[in-house]
Amino acid sequence: MNTIALLGMPNTGKSTLFNQLTGSHAQIGNWPGLTVDLMQAQLRIDGQTLQLVDLPGIYDLRGHSDDEAVVRRFLEATPVDLVLVVLNASQLDRQLRLALQVQQLQLPAVVVLNMADEARRFGVSIDSETLSRELGLPVVLMSAKYGRGLAAVQQAVRQRLQTSSSNDPRPEPEPAPVPVPVQQLEARLAAREAELEPAQAALLEAAVQLPAQWRDRWTRRLDAVLLHPLLGLPLFFAAMALIFQLIYAIGVPIQEGLGALLDAIGKQLIQPLLTPLPTFLQGFLLEGLWQGLGTVAAFLPVIALFFLAMGVVEDSGYLSRAAYLMDAFMERLGLDGRSFVLSLMGFGCNVPAILGTRVMRDRGLRLLSMLVIPFSLCSARLNVFLFMAAAFFPARQGALVIFGLYLMSFVAAVLTALVFKGRFPSSEPLVLELPPYRLPTLPQVLSRAWAEVKHFWFWSRRFIIFGVVAVWLLNNLPLGVEPASSLSLSGRLGTLLAPVLDPIGINPNLTVALLFGFIAKEIVLGGLAVIYGQADPVALGQAIAADVSWPQAVSFMLFTLLYTPCLSTVAVIRSESKQLGFTALSVGWSLLLAWLTSLVFFQGVRLLG
Amino acid sequence: MRTDRPLTDLRPGATAVVASLTADPGLRQRLEALGLRPGQPVQMLRRGWWSGPLHVRVGMTELMMRRRDAACVALAA
């Protein structure tokens, strides 16, 4: 099978092109010699199946970042039939260098000038035929976001694959018919480094007209307000608050409706089917598996809404402005604007946010960011809080409790950074691109949200099934005990941990839920549903409210917010930090902080009232 | 060319030409890849408060950069 690699700078729409070409049926592939996973997918052109690999975005093939090293190792280890070099058409004044480096390595390549619509809007005009002739590589103009020019890219790929061995447009030594990995990549690029600058200037002179004045008035005007020294931050937080409010307002009714529906299906359809089975197995399947899964599945709409909203914020270009606005504050915490953006992404899910710290080269900065990110109130925890808040407080107060938890999440992150910044000092430079504001397209945002929800479901399903089944078993073993009574396994576990958890108001029932929450917060709600034997959210809420007082509930929420988010997060901290000691520090610190916070709250309320 | 001044001294709205980069190789490469190369005009768009980052434009690219890093960029006087 032929292998095509997508190569380009960050912010060139490389991944959008990847999805457009492959229909986004991507999987994660392992490549020899690489420590990171690359996205890959198959695409069919003219009945021929090709393999497309999305390489990490890089600035320079000789660059010093991890991503740049990954791309080098990939090219040195993998024979590629074709490299698709993706450049941002409106930034050819600096991006042509990368195409020239690929040309210097004599790799078979097609140059894709993406975001052609934007280039035109900004007054950049490109003579692609001249550029192609001068560069000696096919050049295609396209706009991946709108799917324009896709056919031309496919056509160029087709032609290039047929002719790359026979009549290469350049009279230079030809690539072998069977592709080979690049030899002596660094030495060859180093030898011709000096040619890049004049070559790029000559290409620009011959084929590209740049505007004398920046034409993007919209970005200029928006930035004047959104990056305003006084208005910028309040506007940003107002926008975020509005988004969360919107997710809450739309998502919660859907969640409740879906929960009730799934519960009804269980009672009306599944229960009659199970009657022939022994009682123990019946309970296991219906009260364990179905109720647990149903409670979690009902939460999927809220997650989808969250990723939809974050997708809009990110694609619009506002997220990189957040890095600009917050950097001065973050710098004083020993972090930077990127840590803030990653923490913000962590409000969706901590795992990708921690993976995202790969963009940082300085180890101190990276570790400190990894220590802070788990305090971001992720969607799985929000799931628990929305439910508990609805069960214990009237709507208006409930919203206030949720807001308080977001605030607490922020305070915990800041406190953690202040405590540990001395231990993880850093001096990483921070230079980031601020892209022009863009209108996100609906298909793009939808497909991203869909991918995230799929990923979430895939990622958590195994944990959830394992978790709810284990909770149910703990509650119902040894055989014959009254479920969840003090004689059951869970009851004994609760008694065992009581000396530690009693002072913070966590009773044995909640203890079991917390124990399983260590695996994943998705299980907490499913676990509670199993413990209290209620799947319908309203009924479950009433059952818990009858068992637990409101200060206990809030203490439980605080503990859930602050202790280890989930095993996946621990695993990814371990694999990214490559330090067991650091992983232990992260888990231990969050447990300590959670216990102390809950203690102060619970005992404080008792003293006051 | 007379004595150079650092990019951090540029006032909002003003434009000057990059004279040289004194950054370490890693940062230097990144700055050049983002368009900050000797001979290129660079415009200061805004400066963050509380010693916050700078917002500059070079060629068709807009960047935010910390003052400490911008100090490595010398402008032709």
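Predicted model, so just to flag it, every value in this text is computed and none were measured. (Residues numbered from 1 in each chain as written. Chains lettered and ligands numbered in written order. Predicted model: local features only at pLDDT ≥ 70, side-chain atom pairs only at ≥ 80, totals over all residues. Heavy atoms only, no water.)

Student: Would you take a moment to explain the overall build of chain B for this structure?
Tutor: Scanning chain B from terminus to terminus reveals two helices and six strands. Helices and strands in chain B line up, N terminus first, as β-β-α-β-β-β-α-β. The C-alpha radius of gyration of chain B comes to 11 Å, within 12% of the 11 Å expected for a compact globule of 77 residues. The principal-axis extent of the C-alpha atoms belonging to chain B is close to 30 × 25 × 25 Å. At a minimum sequence separation of 6, the contacts of chain B that also span at least 24 residues come to 57%. Carbon and sulfur atoms make up 51% of the accessible area of chain B, which totals about 3300 Å². (Helix = DSSP H or I, 4+ residues; strand = E, 2+ residues; numbered from the N terminus. Rg over C-alpha atoms; globule rule 2.2 N^0.38 Å. Contact = heavy atoms within 4.5 Å. Areas by Shrake-Rupley, 256 points an atom, 1.4 Å probe, with all protein chains shown as cover.)

Student: Help me out: how do you make sense of the overall build of chain A in this one?
Tutor: Check the secondary structure of chain A and you find 26 helices and 10 strands. Compactness check: chain A gives a C-alpha radius of gyration of 27 Å against a globular reference of 25 Å for 609 residues, within 12% of the reference. Along the longest, intermediate and shortest principal axes, the C-alpha atoms of chain A span 85 × 60 × 40 Å. In chain A, which comprises 609 residues, the proportion classed as buried is 55%. As presented, chain A carries roughly 25800 Å² of accessible surface, and 64% of it is formed by carbon and sulfur atoms. Of the charged side chains in chain A, 43 are positive and 43 negative; the average position of the first set lies 2 Å away from that of the second. (Buried < 20%, exposed > 50% of the residue type's maximum accessible area, 1.4 Å probe, protein only. Lys, Arg positive; Asp, Glu negative; His and termini not counted. Charge placed at Lys NZ, Arg CZ, Asp CG, Glu CD.)

Student: In this structure, what is going on with the interface of chain A and chain B? I would like to understand it.
Tutor: As a measure of interface size, the accessible area lost when the parts come together is often cited. With 48 residues of chain A at the contact, the number on the chain B side is 32 residues. Of the roughly 3400 Å² buried at the junction of chain A and chain B (both faces included), carbon and sulfur atoms supply 56%. At the boundary of chain A with chain B, the tally comes to five salt bridges. Note that B:R30 is salt-bridged to A:E68, the shortest N-O span being 3.7 Å. The tally of links from chain A across to chain B stands at 16 residue pairs in polar contact (both at pLDDT 80 or more). Secondary-structure elements contributing two or more residues to the side of chain A that touches chain B are helix 3 (92-104), helix 8 (193-207), helix 9 (217-226), helix 13 (318-332) and strand 10 (431-433) of chain A. Looking at which element gives the most residues to the side of chain A that touches chain B, the answer is helix 13 of chain A, with nine residues. Pairing analysis gives three bridges linking strand 10 of chain A to strand 5 (residues 61-65) of chain B, with the strands arranged antiparallel. In the strand pairing of strand 5 of chain B, A:V431 is matched with B:M65. (Buried area = accessible area lost by both parts, 1.4 Å probe. Salt bridge = Lys/Arg side-chain N within 4 Å of Asp/Glu carboxyl O. Polar contact = N/O pair within 3.5 Å; in protein donor to acceptor, adjacent residues only side chain to side chain. Pairing = 2+ DSSP bridges.)

Student: Explain the confidence of the model for chain A here, please?
Tutor: Reading fine detail from the predicted coordinates is not recommended where pLDDT is low. Residue and element names in this part refer to chain A. For chain A, mean pLDDT is 86; residues scoring 70 or higher make up 93% of the total. Below a pLDDT of 50 lies the segment residues 164-168, which in the model reaches nine contacts outside its immediate sequence neighbourhood of four places, other chains included. The low-confidence segment residues 170-176 (pLDDT under 50) makes 10 contacts with residues lying over four places distant or belonging to another chain. (pLDDT = per-residue confidence, 0-100.)

Student: When you look at the pattern of salt bridges in this model, what are you seeing that I'm missing?
Tutor: Opposite charge on two side chains permits them to pair, given that their charged atoms come into close proximity. Across all of its chains, the model carries 20 salt bridges over all chains by this definition. Two residues, A:D336 and A:R338, come together in a salt bridge whose shortest N-O distance is 2.8 Å. Overall, the relative accessible area of 1% leaves A:D336 in the buried class. Owing to a relative accessible area of 12%, A:R338 belongs among the buried residues under this scheme. Between B:E32 and B:R28 there is a salt bridge, with its nearest N and O atoms 3.5 Å apart. With a gap of four residues between them, B:E32 and B:R28 both fall in helix 1 (residues 25-33), about one helical turn apart. The class of B:R28 is partly exposed, set by a relative accessible area of 32%.

Student: Quick question: what am I supposed to make of helix 2 (residues 66-77) of chain A here?
Tutor: One turn of the α-helix equals 3.6 residues, which is why residues spaced by three or four share an orientation. Taking 1.5 Å as the rise per residue, helix 2 of chain A with 12 residues should run 16 Å; its terminal C-alpha atoms sit 16 Å apart, in good agreement. Where helix 2 of chain A is concerned, the buried positions are A:E68, A:A69, A:V70, A:V71, A:R72, A:F74 and A:L75. Check the buried side of helix 2 of chain A and you find it contacts strand 1 (2-8), strand 3 (38-45), strand 4 (48-54) and helix 7 (185-191) of chain A together with helix 1 of chain B. (Expected span 1.5 Å × (residues − 1).)

Student: Could you clarify how one ought to interpret the nonpolar core in this entry?
Tutor: Generally speaking, a soluble globular protein has its nonpolar side chains buried in company with each other. Core analysis: the biggest nonpolar cluster contains 113 residues, and A:M388, A:L528 and A:F556 have the highest contact counts within it. Of all hydrophobic cores here, the second largest spans 69 residues; its members include A:I58, A:V85, A:L131 and B:A70. (Core = buried A, V, L, I, M, F, W, Y, C linked by side-chain atoms within 4.5 Å.)

Student: Quick question: what am I supposed to make of the side chain of A:T560 here?
Tutor: Along the chain, the position of A:T560 falls in helix 24 (residues 550-562). Those residues within four positions of A:T560 in sequence are excluded, and the remaining contacts are A:R381, A:F385, A:L514 and A:K521.

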